[in-house]
Amino acid sequence: MDKYETIDKLKREKDAVILAHYYVDADVQKAADFVGDSYALAKKATGVSQQNILFAGVSFMGESAKLLNPDKHVYMADPCAGCKMADMVTAEDVLDIKSRYPNAAVVCYVNSTAAVKAVSDVCVTSSNAVRVVRSLKEKQIYFIPDAHLAQFVAKEVPEKEFIFHNGYCPTHRQITKEDLLRAKAAHPGALTLSHPECREEVLAASDFVGSTADIIRFAREHDADTYLIATETGVFYPLTQENPGKRFFPVQAEQLCPDMKLVSLQKLKSVLEHLDEQPEIILDQALMEQAKKPLERMLLLAESNGGNK
Ligand code: 13P
Ligand code: SF4
């Protein structure tokens, strides 16, 4: 039996489903039942029939799955895999923001802890942030934690007044305009597809800006044969699988999320083998009640404002 057959057998025996983000390694994506961006994963988690969800991704994704499915058991392939940006805002920061900006809606990027979600008004992901923010009644928006995504949304929704937090993703922020200009010179005519966590100057020099799923969709639907990709290189697996005739290049060599890279096939297998002894995601009941509200509101607003992804 090869590694994949062993994992499939264990999933059946343990009534488990594997959900994976596009940033994990290709061999892990191959073992997953479903691979998606943060939004698709949050939605998918609400519809699985298995009692056990094994998450190949980072902690905020597993927490979201638990918040939306309190009766399921949620395990992380590696419980140490966190998101650097999620740690850049605390619940205390949000309470302080609320007291200083009582009329603002606190819009919380899903890359955040459950404690921060619990005191926020609504969550967004990179694929629905524009339409969710546009649909809010409040004119003033305090967007946490990512300043780059917030600036991107602010441009798309000029009718709102934005206050920015100072969070960022180290993986995306280190991609510079100079990197992009060099990559464009090396691959003349290539289209640049960027994640909105990138710097404003990188986004301004891109042909398309979108979530990981949006980037994959764009490449599938366009005829160009060469693309520069400004996001974590895990997306190269679906991009190359789906588009055999097309070429994809990273803008620079360091587009790796160290936390996503903690997830491995061996860890998936070992968690499944010893599921009963694994630490599952446990959140305080009162915290869960509060933290799931902005997430559920996001799902509702994203769907009722044109979301079909
Ligand atoms: P997506 O919402 O595009 O999946 O991105 C999640 C993320 O962590 C980006 O760094
Ligand atoms: Fe967080 Fe950045 Fe990693 Fe995404 S790529 S999980 S935002 S640290």
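Our subject is the structure listed above.
Source: prediction; values computed, not measured.

A. Spatial organisation of the site of ligand 2. In the neighbourhood of ligand 2, the contacting residues comprise Tyr 23, Val 58, Cys 83, Lys 84, Asn 111, Cys 169, Glu 197 and Cys 257. Considered class by class, the residues forming the shell around ligand 2 number 5 nonpolar, 1 polar and 2 charged.

B. Structural context of the sheet that holds strand E4 (residues 73–76). Ordered in space as E2-E1-E3-E4, the 4 strands form an open sheet in which the pairing is parallel. The open sheet has two edge strands with one neighbour each: strand E2 (34–36) and E4. The mean angle between the axes of side-by-side strands here comes to 25°, regardless of whether they run parallel or antiparallel. Of the strands in this sheet, strand E1 (16–21), strand E3 (52–56) and E4 touch helix H4 (residues 59–68), which is tilted by about 175° from E4.

C. Local environment of the site of ligand 1. Near ligand 1, the surroundings consist of His 21, Tyr 23, Asp 37, Ser 38, Asn 111, Ser 126, His 172, His 195, Glu 197, Ser 211 and Thr 212. With respect to ligand 1, the side chain of His 21 contributes an N or O atom lying 2.6 Å from an oxygen atom. Within the side chain of Tyr 23, an N or O atom sits 3.5 Å from an oxygen atom of ligand 1. When isolated, ligand 1 has an accessible area of 300 Å², and the protein chains bury 96% of it. Classifying every residue of the shell around ligand 1 by side-chain character gives 1 nonpolar, 8 polar and 2 charged.

D. Fine view of the side chain of Asp 214. Of note, Asp 214 is situated in helix H12 (residues 212–221). With a relative accessible area of 10%, Asp 214 lands in the buried category. In terms of polar contacts, Asp 214 uses its side chain to reach the side chain of Arg 217, at 2.9 Å.

E. Seen up close, the pattern of salt bridges. Evaluation of the coordinates by the stated rule reveals 16 salt bridges. For Asp 78, the salt bridge goes to Lys 267, with nearest N and O atoms at 2.7 Å. Here the residue Asp 78 occupies a position in the loop between E4 and helix H5 (91–100), and Lys 267 occupies one in helix H14 (residues 265–273), the gap between them amounting to 189 residues. We note a salt bridge from Arg 100 to Asp 96, for which the minimum N-O separation is 3.2 Å. Residue Arg 100 and its partner Asp 96 are both found in helix H5; the two are separated by 4 residues, about one turn of the helix. We classify Arg 100 as partly exposed; its relative accessible area is 45%.

F. Geometry of helix H15 (residues 285–304). Counted at 1.5 Å a residue, the expected span for H15 with its 20 residues is 28 Å, and the 28 Å between its end C-alpha atoms agrees. If you look at H15, its biggest bend is around 25°, right at Lys 292, and the proline Pro 294 turns up within four residues after that. Among all positions of H15, only Met 288, Ala 291, Lys 292, Pro 294, Leu 295, Met 298, Leu 299, Leu 301 and Ala 302 are buried. The elements touched by buried residues of H15 are helix H3 (38–45), H4, helix H6 (114–118), strand E6 (122–124) and helix H7 (129–135). For H15, the side-chain oxygen to backbone nitrogen distance between the N-cap and Ala 286 is 3.1 Å, and the N-cap itself is Asp 284. After H15 finishes, the residue Gly 306 shows a positive phi value of roughly 95°.

G. Expanded view of the nonpolar core. Core analysis: the largest hydrophobic core is formed by 113 residues, its most contacted members being Phe 143, Ile 144, Val 153, Ile 229 and Leu 268. Not counting the four nearest positions on each side in its chain, Ile 144 is found in contact with Val 89, Val 94, Ile 97, Val 106, Val 107, Cys 108, Tyr 109, Val 116, Ser 120 and His 165.

H. Local environment of the packing of H4 against H15. Packing of H4 against H15 brings their axes to within 9 Å, and their N-to-C directions diverge by 95°. As far as their axial angle goes, H15 and H4 are roughly perpendicular. Two secondary-structure elements touch here, H4 through Ser 64, Lys 66, Leu 67 and Leu 68 and H15 through Met 288, Ala 291, Lys 292, Leu 295, Glu 296 and Leu 299.

I. Examining the environment of Ala 26 more closely. Here Ala 26 shows up in helix H2 (residues 26–31). Through-space distance from the C-alpha of Ala 26 to that of Thr 233 is 9.8 Å; in sequence the pair is 207 residues apart.

J. Highlighting the packing of H3 against H4. Axis separation between H3 and H4 bottoms out at 9 Å; the angle between their running directions is 30°. Relative to H4, the element H3 lies roughly parallel. Helix-helix and strand crossings are classified by hand; for H3 and H4 the assignment is right-handed. Residues Ser 38, Leu 41, Ala 42 and Ala 45 of H3 form the contact with H4, whose own contacting residues are Phe 60, Met 61, Ala 65 and Leu 68.

K. Layout of the pairing of strand E12 (residues 247–250). Here 4 bridges tie strand E11 (residues 226–230) to E12, and the two strands are oriented parallel to one another. Of the residues in E12, the one forming a bridge with Tyr 227 is Phe 248. Regarding topology, helix H13 (residues 236–242) serves as the crossover connection from E11 to the parallel E12, and that connection is right-handed.

Analysis parameters
Residues numbered from 1 in each chain as written. Chains lettered and ligands numbered in written order. Predicted model: local features only at pLDDT ≥ 70, side-chain atom pairs only at ≥ 80, totals over all residues. Heavy atoms only, no water. Near = heavy atom within 4 Å. Nonpolar A, V, L, I, M, F, W, Y, C, P; charged D, E, K, R; others polar. Pairing = 2+ DSSP bridges. Helix = DSSP H or I, 4+ residues; strand = E, 2+ residues; numbered from the N terminus. Axes fitted to C-alpha atoms, helices over the stretch in contact; angles between N-to-C directions. Contact = heavy atoms within 4.5 Å. Polar contact = N/O pair within 3.5 Å; in protein donor to acceptor, adjacent residues only side chain to side chain. Areas by Shrake-Rupley, 256 points an atom, 1.4 Å probe, with all protein chains shown as cover. Buried < 20%, exposed > 50% of the residue type's maximum accessible area, 1.4 Å probe, protein only. Salt bridge = Lys/Arg side-chain N within 4 Å of Asp/Glu carboxyl O. Expected span 1.5 Å × (residues − 1). Bend = angle between axes of the 7 residues up to and from the residue. Core = buried A, V, L, I, M, F, W, Y, C linked by side-chain atoms within 4.5 Å. Parallel < 35°, antiparallel > 145°, perpendicular 65-115°, else oblique. Left-handed = near helix turned anticlockwise from the far one by under 90°. Right-handed = clockwise from strand over helix to strand, strands pointing away.

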